[in-house]
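A look at the structure
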Amino acid sequence: MIPTKIVGRNFSCAMFALLLLASAASAQQPPPTSAPPTAAARGQKPPPPLGPNGTRDPFPNPIPAEEGVIKVNFVEFATLPEVNGLPARPMLMSYEPGTRRMFVNDMHGALYSVSLDGKAVTPYLDHQDPRWNIQVQFQNFERGFQSFAFHPQFNQRGARGYGKIYAYVDTSNQAPKPDWVPPGGKMTHHAVLLEWTAKNPAAASYDGDAPRELMRWERPFVNHNGGQLGFNPLARPGSDDYGLLYLGNADGGAGGDPMNQAQNLGSTFGKILRIDPLGNNSTNGKYGIPKDNPFVNDSDPGTLGEIYAYGARNPQRFAWDSKTGRMYMADIGQGIVEEVGPVTKGANLGWRVWEGSYRFVAGQEVSLDTPRGDPKVTYPVVEFGQLDPLLMNSSAATMGYVYRHNRIRPLSNLLLFGDNPSGEMFYVHADKLPPNGGQDAIRRILFNDKGETKTLLQLIKEKNIAQGKKPSNRADLRYGEGPDGRLFILNKNDGVIREIVP
């Protein structure tokens, strides 16, 4: 059964209270447990009063629980090893075509290869190996081995990118001098961009030497760290974008971007960066800055050439549409709006002036004044509110893919995304994107399971019980892709990789 809330957010609070009292008097039972407790009952302070034209919920129409639902079939494809009794925490799964293997990371530090039939999950590289002295910092749930990317020439012998793998890792090793230091003098850990070089790309496990460090950041807070690494899979040899590495780098953490890093073109925080990992014209000489990056010739000498787009808050996932070539990114909101939007060269994505289509006021408020009112800002194509009845506290958008395949026909030509904690999977039509953002076009994706329709979180809870573990209260959804339109669903709470099948 699909869990739904009894009460919609537009229902009268006074009427709801009267109904609860009547129900309790007649049935001698406590009020329904689905009614959310007040802030006081949870031991929290009530939210502050709203300012002029302020709102905590700019979307009056909830995402439909039933209308337009796509139901998909699935199999349990593979299982990742536990780490000290804890489930793996995968962030990314991708296919490396040269060696015909899929790879998936665990934030604890390991990179695994996965056979195409899912039967073999093999440790490929462990960042925790003492030989490397990386000291992966994976505490606080947002830190760890964040992402990886294989150079498109990984399996091309003689090419400059032969054997190259890139990794984005949070580390407790703070001895090396960082390249990027935010203002304020606070530090919790460092983050590094690493280049590994395999001697034999087809080997079952990594056989190269210690990694080369390309960049190092001093992180001011424990949250909002690195995002995804990725090469544009549509770029062909000889094109301007071929072999260039994109990096999603969050605003540095805390809340509200307190140091205003995302709008600062002299900072790498809150940005999508684009570099040539095999170049050397950067300040530290360890990577290249592409000559066609948008701010390379900026008149302000303090503007960084590494920046491709700015104004991001926590860009953990991005993907390209193989039909249009457009790049999309999911950006996690502060307290009101979650968003998916296009990323173009030189774009201002809005944060912290804007949270989605609305002016940012504070963690629990956006303003309804002049939504999408700055023509210089690139606004989301779709967004959803954290108070939607389908979601839970602390919503966080995650990007999937623009699915341009026929393997899973119901998903063809859809932009796939979701909510990370709840595990709710969503779609909008990629060729009929909402012209003004909002969530009215959003519909759900659910799983068929033994004659019932279930959410990802329900599947995880049931798997936890079968594992003899306490059922998880969150999913931590990530999408993964394989060859020929194969689509996978990852989570951080039961170790199971599920494949959506026809």
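The model shown is predicted, which means the values in this text are computed figures rather than measured ones.

Concerning the sheet that holds strand β5 (residues 110–114)
The four strands lie next to each other as β3-β4-β5-β6, forming an open sheet whose pairing is antiparallel. Edge strands, defined here as strands with exactly one partner in the open sheet, are β3 (93–96) and β6 (121–126). Each strand axis lies, on average, 30° off the axis of its neighbour in the sheet, ignoring direction. Strand direction decides the pairing type here: β5 and β6, joined by five bridges, are antiparallel. The residue of β6 that forms the bridge with Y112 is P123.

Describing the pattern of salt bridges
Overall, the coordinates contain 22 salt bridges when judged by the stated rule. Its salt-bridge partner being E82, residue K469 comes within 3.1 Å of it at the nearest N-O pair. Here K469 is found in the loop between α2 (456–466) and β27 (478–481), whereas its partner E82 is found in the loop between β2 (70–79) and β3, with 387 residues between them in sequence. We classify K469 as partly exposed; its relative accessible area is 30%. Note that K450 is salt-bridged to D449, the shortest N-O span being 3.4 Å. Residue classification places D449 among the buried residues on the basis of a relative accessible area of 9%. When salt bridges that share partners are traced, they join D241, R274, D292 and K345 into one network.

Notes on the nonpolar core
Counting residues in hydrophobic clusters, the biggest one holds 42 residues, and the most contacted among them are L411, L415, L416, F417, F447 and I500. At five residues, strand β22 (residues 397–403) tops the list of elements feeding residues into this core. A149, M215, L278 and Y287 belong to the second-largest nonpolar core, a separate cluster that totals 24 residues.

A word on the sheet that holds strand β15 (residues 317–320)
The four strands are arranged β15-β16-β17-β21 in an open sheet whose pairing can be described as antiparallel. Two strands lie at the open edges of the sheet, namely β15 and β21 (382–385), each paired on one side alone. When strand polarity is set aside, the average angle formed by the axes of neighbouring strands in this sheet is 15°. Sheet topology places strand β17 (residues 337–343) next to β21; four bridges connect them, and they run antiparallel. By the bridge assignment, V340 is partnered in β21 with V382.

Notes on α2
Residues of α2 that are buried include every one of L456, L457, Q458, L459, I460 and N464, and no others. Where α2 is buried, its residues contact β2, β25 (443–449), β26 (452–454), β28 (487–490) and β29 (496–501). The positive-phi residue at the C-terminal boundary of α2 is G468, with phi of around 75°.

Comments concerning the side chain of H127
Relative to the assigned elements, H127 resides in the loop between β6 and β7 (145–150). A polar atom in the side chain of H127 sits 3.2 Å from the side chain of W196. Those residues within four positions of H127 in sequence are excluded, and the remaining contacts are G109, W132, I134, V136, F145, A167, V169, L194 and W196.

Some details on the confidence of the model for the protein chain
Residues with a pLDDT of 70 or more make up 91% of the protein chain, whose mean pLDDT is 91. Across residues 1–39, where pLDDT falls below 50, the model places 37 contacts with residues more than four positions away in sequence or in other chains.

Considerations on the packing of aromatic side chains
Under the counting rule described, the total for this entry stands at 23 aromatic pairs. On the numbers, 5.4 Å between centres and 80° between planes, the contact of F103 with Y124 is edge-to-face. One end of the pair, F103, is in strand β4 (residues 101–105); the other, Y124, is in strand β6, with 21 residues separating them in the sequence. Take Y124: its relative accessible area is 3%, and that puts it in the buried class. On the numbers, 5.9 Å between centres and 70° between planes, the contact of F295 with Y310 is edge-to-face. Of this pair, F295 sits in the loop between β13 (271–275) and β14 (307–310) while Y310 is found in strand β14, placing the two residues 15 residues apart along the sequence. The class for F295 is buried, based on a relative accessible area of 11%. Ring pairing ties together the aromatic residues F103, Y124, W132, F145, F148, F150, F154, W196 and Y206, which thus form one cluster.

Rules of the game
- Residues numbered from 1 in each chain as written.
- Predicted model: local features only at pLDDT ≥ 70, side-chain atom pairs only at ≥ 80, totals over all residues.
- Heavy atoms only, no water.
- Pairing = 2+ DSSP bridges.
- Helix = DSSP H or I, 4+ residues; strand = E, 2+ residues; numbered from the N terminus.
- Axes fitted to C-alpha atoms, helices over the stretch in contact; angles between N-to-C directions.
- Salt bridge = Lys/Arg side-chain N within 4 Å of Asp/Glu carboxyl O.
- Buried < 20%, exposed > 50% of the residue type's maximum accessible area, 1.4 Å probe, protein only.
- Core = buried A, V, L, I, M, F, W, Y, C linked by side-chain atoms within 4.5 Å.
- Contact = heavy atoms within 4.5 Å.
- Polar contact = N/O pair within 3.5 Å; in protein donor to acceptor, adjacent residues only side chain to side chain.
- pLDDT = per-residue confidence, 0-100.
- Phe/Tyr/Trp six-rings, centres within 6.5 Å; stacked < 30°, edge-to-face > 60°.

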